[in-house]
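Residues per chain, in single letters:
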Amino acid sequence: MRYGHFDDAAREYVITRPDTPRSWINYLGSRLYGGIVTQNAGGYSFYRSGGTGRVLRMRFNGVPVDEPGRFVYLRDDATGDYWSASWQPVGKPLGEYDARVRHGLGYSVFEAGYAGIRSELTTFIPAGQAFEYWSLEVHNPGPDARTISVFSYAELANEWSYRQDLENLQYSQYVVVCRYRDGMIHRRNSTREADSDLWFAVAGADVVGFDTDRDAFLGPYHTQANPLAVERGECSGSEATGDNACASLQVRLELAPGERRQVIFCLGVGNPDEPWRDERPRIGAPAGDPPLPPGRQVMAEYATPERVAAELAALRAEWAERLGTLQVTTPDPTLDSMVNVWHAYQTHMTFSWSRGVSLVEAGDRDGLGYRDTAQDCLAVTHAIPAAVRERLDMLLTAQTAEGGGLPLVKPLTHTPGSEPTPALEQYRSDDALWLPIAVAAVVGESGDQGYLAQVLPFADHGEATVLDHLLRALDFSLAHRGSNGLVQGLAADWNDCLQFGTTGESMFSTFLLANGLRVVGELAAAAGRDDVADRCASGLAELAPAIDAAWDGDWFIRGISATGAALGSVEADEGRIYLEPNVWAAISGATSRERAERAMDAVHEHLATEHGVALCDPPHTHPMEGIGLSLLVFPPGHKENGGIFCHANSWAIVAEAVLGRGDRAYDYYRSYLPAKGDGDADPRQEVHQAEPYVYSQFTHGPSSPRFGQARNPWLTGTASWTYVAVTQYLLGVRPEVGGLRVDPCLPTAWDGFEMTRAFRGRTVRVRVRNPEHVSRGVVSMEVDGVPVVGNLAPESMLRDGSVLDVRLG
Ligand code: IFM
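Residues numbered from 1 in each chain as written. Predicted model: local features only at pLDDT ≥ 70, side-chain atom pairs only at ≥ 80, totals over all residues. Heavy atoms only, no water.

Some words on the sheet that holds strand β36 (residues 696-699)
Right, so step 1: Within the open sheet, the three strands sit side by side as β35-β36-β37. Their pairing is antiparallel. Looking at the sheet topology across the chains shown, the edges are occupied by β35 (644-645) and β37 (710-713).
Right, so step 2: The pairing of β35 with β36 spans two bridges and is antiparallel. Counted as the bridge partner of F645 is F698 from β36. (Pairing = 2+ DSSP bridges. Helix = DSSP H or I, 4+ residues; strand = E, 2+ residues; numbered from the N terminus.)

Right, here's the structure in full:
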């Protein structure tokens with residue numbers, strides 16, 4: 001079954017069947033005011049934080065899974081028949097109800113046709129604003145006049161705090177007051193935490209009815225599929241005092257034959273009549289932020305058809321510009337659709353929302369995971385350098401003076417210099433080890449080596465230059481090694497479900513340390529800091545014997561307990577081979593080429609499947625002495641217990657590219673590409689289930705009865721790393737301090753490709769030809785017709801519009 005397809009010219013994903021196997025969602029807005037919306041207009045919104053600024057309520061994991069949402073009902077007042085502008089919640093039979101959903105960048109459009117009436121509901125949050133549009137166009141293409149009542153339905157949260165709103169009902173149900181005055185709904189409460197005001201209004205037609213009390217609108221034993229007010233044809237004029245609020249405004253459209261009408265509903269934060277300031281201590285608007293304008297003023301200024309069109313055009317232009325910073329044309333059109341539009345968009349959403357807001361992340365986790373955040377920076381550094389730099393600065397100030405990273409950074413309350421120092425066993429052994437890669441990306445992209453000398457505070461006390469922050473991270477791991485000379489695993493390494501503690505050792509973190517030593521060594525050498533480069537070289541030499549000893553015959557072990565029990569060993573009956581140490585052996589360069597190749601061959605033989613590479617095999621069913629396997633909570637084949645963890649799959653691409661094996665790197669890329677089966681006859685969308693236009697955190701592995709089904713889409717490290725893998729390793733265009741390196745590792749069938757890329761304020765075009773059909777090997781490179789030795793285009797030769805002609809052979 002095929003549920004949708006890419007429309008690259010419009011930068012949209014078009015869903016042609018709304019009965020998708022799972023909710024296929026989109027993101028709206030900015031960090032000021034954001035939201036998610038499903039293909040059935042389900043979803044929620046929030047102001048500044050999904051956890052502590054909830055505007056629209058969501059009942060997570062409900063049945064159906066994506067309600068409530070932004071619902072608009074249409075009712076034929078002559079027959080009493082009614083439907084919704086999105087297929088659900090009314091859910092008319094799909095044979096009679098014609099639906100097309102266009103998810104775009106920052107907006108979604110719901111096109112519908114039913115009972116001779118066409119409608120188009122467009123929902124988005126204009127750039128920089130704290131309100132959302134639900135703009136509805138209703139068209140009567142028929143020969144007869146029609147009277148259509150339109151009802152909005154927004155279930156407003158009672159409380160800013162999503163938990164209070166959903167869980168502490170003995171309290172939250174009694175704080176809410178929702179009134180209708182002069183065409184406008186005003187939901188307010190004055191809780192212990194903070195005042196919160198929301199407004200809702202409509203333009204384009206007169207209000208003929210309203211309900212602000214949810215239960216009065218829906219009616220007893222009715223649901224969102226058949227609200228009493230809609231069934232009856234009129235709202236009841238209810239006003240909520242306590243219980244639950246809603247925002248329903250009814251308008252009546254008399255439509256002559258052929259007539260179109262547009263009504264514009266808006267939902268915003270603030271007071272309808274007065275300027276409104278968020279005064280929540282520390283979690284509200286930053287001091288100095290101007291107050292939000294009154295709702296009536298917003299309506300007067302923004303709620304016209306011309307303004308809606310202009311705001312949507314501005315939003316689309318903003319995204320086009322942002323994504324225009326890297327565009328490719330390759331022989332693989334699916335790769336192009338992903339890299340040029342949806343995959344790139346996903347990297348921005350992941351950077352913006354971290355792991356906080358989706359249908360599986362309820363918003364409770366308001367903080368930023370250290371490692372996740374460092375990795376999220378990697379894919380967007382070229383597109384939003386200033387935002388990345390700011391985020392990275394914050395991460396550096398969330399590193400403690402002894403060198404580890406705080407497990408969770410709370411951006412709204414983070415106070416460098418006075419955060420508590422975690423106990424050793426609370427640190428994740430990999431967290432701060434992601435800093436070298438992230439800092440190198442910023443320096444490579446900007447060319448600003450001065451960043452290394454910038455002084456930033458530590459989380460708990462003291463301050464140091466960025467370069468010294470990096471050295472502290474490396475020294476911390478070098479200092480905390482176990483009896484085998486490998487890095488202690490502590491609370492976790494990248495794999496949250498493996499606990500090696502302070503006595504066991506992690507091969508993943510050991511290779512990440514080795515990689516960090518290499519990267520910082522290179523940065524230091526380029527900056528003329530030979531002392532630091534030498535220090536990194538001796539760190540690597542110190543690690544070498546332990547790395548050598550961790551070779552298990554055909555691959556590297558995953559880790560080792562204090563008593564010598566090895567995880568990921570050929571001797572083991574479960575968890576014999578793990579993906580992570582073997583890919584990082586190759587990426588870090590800390591083992592011989594021969595071993596790296598053998599390890600990656602073993603990965604291919606034991607872990608590769610048609611849906612991607614499993615994280616380990618066989619999955620675990622029983623505990624291990626000395627090593628915490630919290631992955632045992634997952635059935636075999638799920639998540640970290642032998643699932644296809646897509647994030648780590650990206651490293652398999654990088655590792656194979658580092659080894660120059662382009663066909664295998666590309667096979668891995670295709671194996672978990674969510675859109676790979678977008679062709680008509682391919683049943684992949686049904687198997688994959690999750691959105692075909694974004695990556696998921698994992699796909700159920702071969703040991704699971706759900707093999708091939710993807711889960712936890714959108715907010716995942718898969719987005720960032722796969723983007724790096726495809727653009728910087730497969731296509732091989734990498735920024736370095738000295739300029740732009742072009743080192744593709746292609747499938748041999750390819751004739752070449754082109755990339756347009758922003759680089760240090762210029763736009764450059766890279767044209768790669770591969771007439772000999774090799775995987776790797778640049779035989780010639782010219783910058784604007786001038787030959788270059790090697791494959792680094794020096795910054796000094798690059799101007800805006802430069803063309804790099806590269807030939808492989
Ligand atoms: O690395 C982690 C990440 O930080 C959170 N999600 C799961 C990953 C693997 O365990």
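A look at the pattern of salt bridges
Right, so step 1: Taken as a whole and assessed by the stated rule, the structure comprises 54 salt bridges.
Right, so step 2: When the shortest N-O distance is used, the salt bridge between R389 and D448 registers 3.2 Å. Of the two residues, R389 is situated in helix α9 (residues 385-396) and D448 in the loop between α10 (435-446) and β23 (455-457); the sequence distance between them amounts to 59 residues.
Right, so step 3: Its relative accessible area of 23% is what places R389 among the partly exposed residues.
Right, so step 4: For D448, a relative accessible area of 29% puts it in the partly exposed group.
Right, so step 5: Salt-bridge contacts for R598 lead to E594; the nearest nitrogen and oxygen are separated by 3.3 Å. (Salt bridge = Lys/Arg side-chain N within 4 Å of Asp/Glu carboxyl O. Buried < 20%, exposed > 50% of the residue type's maximum accessible area, 1.4 Å probe, protein only.)

Details of the sheet that holds strand β45 (residues 803-808)
Right, so step 1: Read across the sheet, six strands follow the order β20-β40-β41-β45-β42-β43 without closing on themselves; strand pairing throughout is mixed. The strands lining the two open edges of the sheet, one partner per strand, are β20 (326-329) and β43 (786-788). On average, adjacent strands in this sheet sit at an angle of 20 degrees to one another, irrespective of strand direction.
Right, so step 2: Sheet analysis places strand β42 (residues 778-783) next to β43, joined by three bridges and oriented antiparallel. Each bridged residue has a counterpart across the sheet, and for V783 the counterpart in β43 is V786. (Axes fitted to C-alpha atoms, helices over the stretch in contact; angles between N-to-C directions.)

Some points on unusual backbone geometry
Right, so step 1: Between E67 and the following residue, P68, the backbone shows a cis peptide bond with an omega angle of -5 degrees.
Right, so step 2: Turning to its location among the elements, P68 is positioned in the loop between β5 (43-47) and β6 (70-76).
Right, so step 3: For the bond running from Q88 to P89, omega is 15 degrees, close enough to zero to count as cis.
Right, so step 4: Following the sequence through the fold, P89 ends up in the loop between β7 (82-84) and β8 (98-104).
Right, so step 5: Positive phi outside glycine occurs at D243, with the angle close to 60 degrees.

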